[in-house]
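Inside the fold
These are the residues of each chain, in order.
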Protein chains: 2
Amino acid sequence: MEVTIKEIAKLSGVGITTVSRVINNSGPVSPKTREKVMAVVREYNYIPNNSARNLKSNQSKSVALLVKSITNPFFQKMIKVIEQKVALRGYQLIIQNVTNLQNELDIAISEAKDRNLQGVIIMGGSFNYTAAKFSGLKIPCVLLTVSAGDEVSLESYSSVRINDELEAFKAVEYLISMGHRRIGFIMNAPVDEMTPNSLRYRGYIRALEQYNVPFDSSLVASEFSSLSGYDFGFKMMKQLLAQNKDVTAVFAFADIVAIGAAKAILSSGLKIPENISIIGFDGIEEAEFYHPSIDTISQPAEQMALSSVELLFDMLQGGETRHMVFESSLLKRGSCAAIHK
Amino acid sequence: MEVTIKEIAKLSGVGITTVSRVINNSGPVSPKTREKVMAVVREYNYIPNNSARNLKSNQSKSVALLVKSITNPFFQKMIKVIEQKVALRGYQLIIQNVTNLQNELDIAISEAKDRNLQGVIIMGGSFNYTAAKFSGLKIPCVLLTVSAGDEVSLESYSSVRINDELEAFKAVEYLISMGHRRIGFIMNAPVDEMTPNSLRYRGYIRALEQYNVPFDSSLVASEFSSLSGYDFGFKMMKQLLAQNKDVTAVFAFADIVAIGAAKAILSSGLKIPENISIIGFDGIEEAEFYHPSIDTISQPAEQMALSSVELLFDMLQGGETRHMVFESSLLKRGSCAAIHK
DNA sequence: TTGTACGCGTTATCAA
DNA sequence: TTGATAACGCGTACAA
């Protein structure tokens, strides 16, 4: 059994209250008493019992991070930052993976009660949250990379994201500007659910329209899949290549998918960018070190992660909800080239 | 404020004890009473307060996973499995990254008290643990991918790992068998600290010796670095290429490093495997989807992760410590070829 | 400036 | 089969 506050009190010849005041810096204690108590605390290596504290205060200094598909390297970059920043504030971070089949908000609600969390950051997922669901979640919540859709009041959560549609537009516009007109798109979710993917799909469509490039549904490789991003990209690209001999460029909704697609292209004996141009989305290291390095829309991951933590703690301290939209940048690294007849 | 056991008791017209018995399945309760209580529990969506439970039982159902360099995709595969399996057992998993500069065991000790953990899994790190340190950690501990070194009694921890030296030997032997004699080695830690890297280095040395290939220290690119694995591999390979025009093969201590090195080779205008053969270690997806796919020593990551959780829970239930050593397999995928003059 | 005593929500002991 | 009641370790009115 560990040493308790009671024993510390007895050992230092003071009352329990005084010890409590000393270790929490609450209420007045004479410097002499403080030193006396601290000496005993150090000597016995006293650490307050967290369970008891939590029980009293009805709050445990912990927040959760729910991640949709935790293995995506793009999320990894952010997880690392979040983990550090949360720890820095003396909070415990509980990271939990959410599978494709689970609803992240449901999990947040049950976990919040179960672990009595102070707040939660949800990374990834869809935009399809109902106001009802949100009202079931009684703790501050920050959505990272998505927002909650129009139905939900902006006061019920904070969010950090990018403008997926616009950035996707930029990517496709870039391809079009190089003369491409047979541009494939790879995405992994059904179009009818609102996810970053479907927003990027919109950007794709809008770019085609704006530049009068005819839309061809056979160029859109879309499938609900539980494959890893790499495998998925590989499979979809193989399919695209088989069905469309004339495709000259591909936009993949994520870098990991772009890498899988690139592998499919290269292992088919085609060259990047000579035969096919490819561009991804996210800005992960893996794309940079691929050969050739893969062009991408790079999201400011660290910044976004940092902001999500700040927004959460703002809310914990009674601050307003906020919604931040970051800019991404188009990185040209050589996997896209002008088309030549 | 949430509903408490007391209120449930009142609402269902029974005593607190009875409610406690119902929700914990402890002690005898008549079926009728049980149903009555359960109805109220469901109606009010009662969830027992964890803090209070922990306070009573002096244990919180939580274990920690300490990860050295959490961003390595190889660890990611394992993290996912561990997270699932721990959750399956109703335990909370606290994942914490440990930087290169921190000692994982120190952190385990302080966290164990602080969060009153039931157990801890340490992933990565070095073999340099002292018996003294271990005795300071009073909860079950499983080391994953390393063991603790000879000084520490095998009864004070469990471990899951591979035979790093032997597997590295196999990798280098493979290169030698294809005629290579100028074989580079890339590792990231000082040789004097016991890490998986240094064991792999030994395997490298031993293979050279056994096959009478002269050792040349200029072929060993070693540096203590906080770069990412990719960046590190890239930098070291550039260095190797500059210093040794005649290097024909490279063994990297990890796949991510191999990928960085491959990028350095390819972007120098050299070809893999025509000019230089390369082999990595770990077996991550990124190596498979690289172009060319990179040969590697593949560790059974999922199996190892699974076992680590099993071993931990065995110990939690009073079982013995155990030490498992898994076999790895040499995956030949085309990044290594016979040397041709 | 200090200490006593109560209550946080549970579980477990004991008597009914 | 049930139900009071005493802990668990801590924070904090309130009294001194």
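Chain A carries the name LacI family transcriptional regulator in an unreviewed UniProt entry, which gives Anaerocolumna chitinilytica as its organism.

Note on the copies: chain B fits chain A at an RMSD of 0.2 Å, the axial shift is 0.1 Å, and the rotation between them is 180°. The two molecules are tied by a two-fold rotation axis, judged by turn and shift. Interface overlap between copies is the fraction of interface residues in one copy that are interface residues in the other; for chain B against chain A it reaches 100%, indicating a shared surface.

Turning to the nonpolar core, a few remarks are in order. Across soluble globular proteins, you tend to see nonpolar side chains buried next to one another. Of all hydrophobic cores here, the largest spans 167 residues; its most connected members are Ile-82, Ile-186 and Met-237 of chain A together with Ile-82, Ile-186, Tyr-204 and Met-237 of chain B. Leaving out residues up to four positions away in the same chain, Tyr-204 of chain B has contacts with Ala-168, Val-172, Ile-183, Gly-184, Phe-185, Phe-215, Leu-219 and Val-220 of chain B. Counting 46 residues, the second-largest nonpolar core is a separate cluster that includes Ile-94 and Val-120 of chain A together with Tyr-129 and Val-146 of chain B.

Once that is clear, we can look at the protein's contact with DNA strand D. The environment of DNA strand D is formed by 24 residues, the closest being Ile-5 and Tyr-46 of chain A together with Thr-17, Thr-18 and Thr-33 of chain B. If you look at DNA strand D and keep only atoms within 4 Å of the protein, 51% of those are sugar or phosphate atoms. Between Ser-20 of chain A and DNA strand D, the recorded distance is 3.3 Å, taken from a side-chain N or O atom to a phosphate oxygen. Here a phosphate oxygen of DNA strand D sits 3.0 Å away from a polar atom, N or O, in the main chain of Asn-49 of chain A. At the level of elements, helix H2 (16–24) and helix H4 (50–57) of chain A together with helix H2 (16–24) and helix H4 (50–57) of chain B are the ones that each hand at least two residues to the surface near DNA strand D.

Residue and element names in this part refer to chain B. Structurally, the position occupied by Lys-77 is in helix H5 (residues 73–88). Residues Lys-77 and Ala-305, 228 residues apart in the sequence, show an inter-C-alpha distance of 8.5 Å. Apart from residues lying up to four places away in sequence, Lys-77 is in contact with Gly-283, Ala-301 and Glu-302. Polar contacts involving the side chain of Lys-77 include one to the main-chain carbonyl oxygen of Gly-283, which spans 3.0 Å.

Taken together, the contact pairs 45 residues of chain B with 45 residues of chain A. The contact between chain B and chain A buries some 4,200 Å² in all, and 52% of this surface belongs to carbon and sulfur atoms. Of all residues in chain B, Lys-113, Phe-289 and His-291 of chain B bury the most surface against chain A, accounting for 16% of the area lost on that side. Summed over the shared surface of chain B and chain A, the number is zero salt bridges. Viewed at the interface, chain A and chain B are joined by 15 residue pairs in polar contact (both at pLDDT 80 or more). For the side of chain B that touches chain A, the elements supplying multiple residues, two or more each, are H4, H5, strand S2 (92–98), helix H6 (104–114), helix H10 (229–243), helix H11 (255–267) and helix H12 (285–289) of chain B. Considering each element in turn, the side of chain B that touches chain A owes the most residues, six residues, to S2 of chain B. When grouped by side-chain class, the residues that make up the side of chain B that touches chain A number 17 nonpolar, 17 polar and eleven charged.

A few words on the domain arrangement of chain A. Partitioning chain A into domains gives domain 1 (5–57), domain 2 (62–162 + 301–326) and domain 3 (164–299). Look at where the C-alpha atoms of domain 1 of chain A and domain 3 of chain A centre, and you get two points 61 Å apart.

Moving on to H4 of chain A. Two to three positions downstream of the cap, the backbone nitrogen of Ser-51 of chain A sits 2.7 Å from a side-chain oxygen, assigning the N-cap of H4 of chain A to Asn-49 of chain A. Where H4 of chain A terminates, the next one or two residues include Asn-58 of chain A, which has phi positive at roughly 55°.

Evaluated as defined, the whole model comprises 20 salt bridges over all chains. Across the pair Arg-182 of chain A and Asp-246 of chain A runs a salt bridge, and its minimum N-O distance is 2.8 Å. Placement of the pair is Arg-182 of chain A in the loop between helix H8 (164–177) and strand S6 (183–187) and Asp-246 of chain A in the loop between helix H10 (229–243) and strand S8 (249–252), with a sequence separation of 64 residues. Measuring nitrogen to oxygen at the nearest pair gives 3.0 Å for the salt bridge that ties Asp-216 of chain B to Arg-182 of chain B. With Asp-216 of chain B in the loop between helix H9 (196–210) and strand S7 (220–222) and Arg-182 of chain B in the loop between helix H8 (164–177) and strand S6 (183–187), this pair connects stretches of sequence that are 34 residues apart. The class of Arg-182 of chain B is partly exposed, set by a relative accessible area of 23%. Salt bridges sharing common partners tie together Arg-182, Asp-216 and Asp-246 of chain A.

Further remarks concern H2 of chain B. Residues and elements named next belong to chain B. Restricting attention to buried positions, one finds in H2 the residues Thr-18, Val-19 and Val-22. Along the long axis of H2, the arc covered by the buried residues comes to 100°, so they all point the same way. Buried positions along H2 lie against helix H1 (5–12) and helix H3 (31–43). One or two positions beyond H2, positive phi appears at Asn-25, with a value near 55°.

Our next topic: the side chain of Ser-12 of chain A. All names here are of chain A. In this fold, Ser-12 is placed in the loop between helix H1 (5–11) and H2. Overall, Ser-12 belongs to the buried group, its relative accessible area being 6%. A distance of 2.4 Å separates the side chain of Ser-12 from the backbone oxygen of Ile-8, its partner in a polar contact. Discounting chain neighbours no more than four positions away, the residues touching Ser-12 are Lys-36, Val-37 and Val-40.

Every one of the 28 residues lining DNA strand C counts as a neighbour, but Gly-15, Thr-17, Thr-33 and Lys-56 of chain A together with Ile-5 of chain B are closest to it. When the atoms of DNA strand C within 4 Å of the protein are sorted by group, sugar and phosphate make up 52%. Within the backbone of Gly-15 of chain A, one N or O atom sits 2.6 Å away from a phosphate oxygen of DNA strand C. Contacts to DNA strand C include Thr-18 of chain A, whose side-chain N or O atom sits 2.8 Å from a phosphate oxygen. Sorting elements by how many residues they give to the surface near DNA strand C places H2 of chain B first, with five residues. Of the residues belonging to the surface near DNA strand C, the class tally is twelve nonpolar, eleven polar and five charged.

Residue and element names in this part refer to chain B. Along the chain, Asn-244 turns up in the loop between H10 and strand S8 (249–252). Reaching out from Asn-244, the side chain makes a polar contact with the side chain of Arg-182 at a distance of 3.3 Å. Dropping the residues within four chain positions of it, Asn-244 is found in contact with Arg-182, Asp-216, Ser-218 and Leu-219.

A few words on the packing of H8 of chain A against helix H9 (residues 196–210) of chain A. All names here are of chain A. For the pair H8 and H9, the least separation of the axes is 7 Å and the interaxial angle reads 45°. Classed by the angle they form, the pair H8 and H9 counts as oblique. H9 is crossed by H8, and the crossing has right-handed handedness. Contacts from Asp-164, Glu-165, Leu-166, Ala-168, Phe-169, Val-172, Glu-173 and Ile-176 in H8 reach Pro-196, Leu-199, Arg-200, Arg-202, Gly-203, Tyr-204, Arg-206, Ala-207, Leu-208 and Gln-210 in H9.

In regular strands, side chains alternate between the two faces of the sheet. All names here are of chain B. Alternating positions in S8 separate into two faces, Ala-249 and Phe-251 on one and Val-250 and Ala-252 on the other, with burial throughout. Pairing between S6 and S8: four bridges, direction parallel. When the sheet's bridge partners are listed, Gly-184 is paired in S8 with Val-250. Strand direction decides the pairing type here: S8 and strand S9 (residues 277–282), joined by three bridges, are parallel. Across the sheet, Ala-249 pairs through a bridge with Ser-277, a residue of S9.

About the criteria used
Residues numbered from 1 in each chain as written. Chains lettered and ligands numbered in written order. Predicted model: local features only at pLDDT ≥ 70, side-chain atom pairs only at ≥ 80, totals over all residues. Heavy atoms only, no water. Least-squares fit on C-alpha atoms with pLDDT ≥ 70 in both. Contact = heavy atoms within 4.5 Å. Core = buried A, V, L, I, M, F, W, Y, C linked by side-chain atoms within 4.5 Å. Buried < 20%, exposed > 50% of the residue type's maximum accessible area, 1.4 Å probe, protein only. Near = heavy atom within 4 Å. Polar contact = N/O pair within 3.5 Å; in protein donor to acceptor, adjacent residues only side chain to side chain. Helix = DSSP H or I, 4+ residues; strand = E, 2+ residues; numbered from the N terminus. Buried area = accessible area lost by both parts, 1.4 Å probe. Salt bridge = Lys/Arg side-chain N within 4 Å of Asp/Glu carboxyl O. Nonpolar A, V, L, I, M, F, W, Y, C, P; charged D, E, K, R; others polar. Domains from an automatic or database assignment. Arc of directions from axis to C-beta. Axes fitted to C-alpha atoms, helices over the stretch in contact; angles between N-to-C directions. Parallel < 35°, antiparallel > 145°, perpendicular 65-115°, else oblique. Left-handed = near helix turned anticlockwise from the far one by under 90°. Pairing = 2+ DSSP bridges.

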